[in-house]
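# Chain and residue survey
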Amino acid sequence: APNSNVLPVPMMTIINGGSHSDSPIAFQEFMIRPVGASTFAEGLRMGAEVFHNLKSVLRSKGLSTAVGDEGGFAPDLPDAESVLELMTEAIDKSGYHMGEDFKFALDVAASELYEEKSGLYRFPGESRLKGEEITRTTEEMMQYYEKLLEKFPICSIEDGLAEEDWDGWQAMT
């Protein structure tokens, strides 16, 4: 109908990292998008189910169920891949299918990781957990995203590079 209104598919933060939590996870927010929902209300329900199942998945692995500043869980996990694997497990446990019912969105907030002097992205929490300094060049950041995109249905990456990484943005775009 010409005058009908459609609400957008919500993005729901379910894991916090970066400056929004005390966890070692470098990326700021990990979100789910209920792309398989036929209505906004159904999408909200689906997201709530996954959020509650994520809590039980975290508990079963002995991980913290404390929440960060934006309301997502803030477990001690070493990297984005391990976060996305747990989120996938929670979606499966909820009876949904990745890529069909849900996709992921990331807010990296890469400016907080970037050291302009060296031109490197630093991952202090990941470094602490792995016992070695983890840094990535701009090219390595893009390769990391490509690796994540091959494994997970990610439909949005917000702030994937630092605001001042002009050459990087040109390459990524």
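Structure: see above.
Read on for an overview of the structure.

Scoring rules and cut-offs
For every chain, the first residue of the written sequence is number 1, and numbering continues from 1 onward in sequence order. For this predicted model, a pLDDT threshold of at least 70 governs which residues receive local features, and a threshold of 80 or more governs which side-chain atom pairs are given and counted, while totals over whole chains, interfaces and linings are taken from all residues. Hydrogens are left out, water is left out, and the side-chain values use all remaining heavy atoms of the structure. Numbering goes from the N terminus for both helices and strands, where a helix is a DSSP run of H or I of at least four residues and a strand is a run of E of at least two. The way it works is a 1 Å grid over only the protein atoms, where trapped points that fit a 1.4 Å probe form a cavity and open points with protein on both sides within 12 Å along at least five of seven lines form a pocket, and then any residue with an atom within 4 Å of a point lines it. Grid points are joined across faces, edges and corners, and a volume is the space filled by probe spheres set on the points. Basically, the charged four are Asp, Glu, Lys and Arg, the nonpolar ten are Ala, Val, Leu, Ile, Met, Phe, Trp, Tyr, Cys and Pro, and anything else, Gly included, counts as polar. Nonpolar cores were defined as sets of buried Ala, Val, Leu, Ile, Met, Phe, Trp, Tyr and Cys residues, with membership established by side-chain atoms within 4.5 Å. Three labels apply to residues, based on accessible area from a 1.4 Å probe with only protein chains included: buried if under 20% of the type maximum, exposed if over 50%, partly exposed otherwise in between. Strands are treated as partners if at least two bridges between them are detected by DSSP. Angles run from 0 to 180 degrees between N-to-C directions of axes, and those axes are lines fitted to C-alpha atoms, restricted for helices to the stretch in contact. Whether two residues touch is decided by their heavy atoms; if any such pair falls within 4.5 Å, the residues are in contact. A helix is expected to span 1.5 Å multiplied by its residue count minus one. This arc corresponds to the set of directions leading from the helix axis out to the C-beta atoms. Working definition: rings of Phe, Tyr and Trp (its six-membered ring) pair if their centres are within 6.5 Å, and the pair is stacked with planes under 30 degrees apart, edge-to-face with planes over 60 apart, and tilted otherwise. Oblique is the label for any angle not under 35 degrees, not over 145, and not in the 65 to 115 range, which are roughly parallel, roughly antiparallel and roughly perpendicular in turn. In this scheme, a crossing is called left-handed if the near helix is turned counterclockwise away from the far one by less than a right angle; it is called right-handed if the turn is clockwise.

## Looking at unusual backbone geometry
Phi is positive for Ala-109, close to 55 degrees, though the residue is something other than glycine. In this structure, Ala-109 sits in the loop between strand S3 (103-107) and strand S4 (114-115).

## Remarks on empty space enclosed by the protein
Taking a probe equal in size to a water molecule and rolling it over the atoms shows the remaining empty space. On inspection of all chains with the given rule, the structure shows 1 cavity of 30 Å³ or more. Its volume calculated, the largest cavity comes out at about 40 Å³. Taken together, Ile-25, Ala-26, Phe-27, Pro-78, Asp-79, Ala-80, Phe-123, Glu-126 and Tyr-144 make up the full set of residues lining the largest cavity. Of the residues in the lining of the largest cavity, the class split is 7 nonpolar, no polar and 2 charged.

## With respect to the nonpolar core
Taken as a class, soluble globular proteins show a tendency for nonpolar side chains to be buried jointly. Of all hydrophobic cores here, the largest spans 42 residues; its most connected members are Phe-27, Phe-30, Ile-32, Leu-84, Met-87, Tyr-121 and Leu-148. Those elements that provide at least two residues to this core are strand S1 (12-16), strand S2 (29-33), helix H1 (40-60), helix H2 (80-93), S3 and helix H4 (138-151). Of all the elements, H2 adds the most residues to this core, at 7 residues.

## Things to note about the sheet that holds S2
Read across the open sheet, the 4 strands follow the order S1-S2-S3-S7; overall the sheet is mixed. Only two strands of the sheet have a single neighbouring strand rather than two, namely S1 and strand S7 (154-158). This sheet shows a mean twist of 25 degrees between the axes of neighbouring strands, independent of strand direction. In this sheet, S7 lies alongside S3 in parallel orientation, the contact comprising 4 bridges. Among the inter-strand pairings, Leu-106 is bridged to a residue of S7, identified as Ile-157. Against the sheet, H2 touches S1, S2, S3 and S7, its axis set at about 30 degrees to S2.

## Focus: H4
Along its 14 residues, H4 runs 20 Å from first to last C-alpha, staying within 8% of the 20 Å computed at 1.5 Å per residue. Residues Thr-138, Met-141, Met-142, Tyr-144, Tyr-145 and Leu-148 constitute the buried set of H4. The buried residues of H4 occupy one face: seen down the axis, they fall within an arc of 155 degrees. At its buried positions, H4 is contacted by H2, S3, strand S5 (120-122), strand S6 (135-136), S7 and helix H5 (166-172).

## Some points on the packing of aromatic side chains
Evaluation of the coordinates by the stated rule reveals 7 aromatic pairs. Taking the centre distance of 6.2 Å and the plane angle of 50 degrees together, the rings of Phe-27 and Tyr-145 count as tilted. One end of the pair, Phe-27, is in the loop between S1 and S2; the other, Tyr-145, is in helix H4, and 118 residues separate them in sequence. Residue classification places Phe-27 among the buried positions, given a relative accessible area of 2%. Given the relative accessible area of 4%, Tyr-145 is considered buried.

## A look at the packing of H2 against H4
Each pair of packed helices can be described by the angle between their axes along with the distance between the axes. Put simply, H2 and H4 touch, their axes get as near as 11 Å, and they point 15 degrees apart. Comparing the axis directions of H2 and H4 gives the class roughly parallel. Judged by the twist between their axes, the crossing of H2 over H4 is right-handed. Contacts from Ala-80, Glu-81, Leu-84 and Glu-85 in H2 reach Tyr-144, Lys-147, Leu-148 and Lys-151 in H4. Of the residues in the contact of H2 with H4, the class split is 4 nonpolar, no polar and 4 charged.

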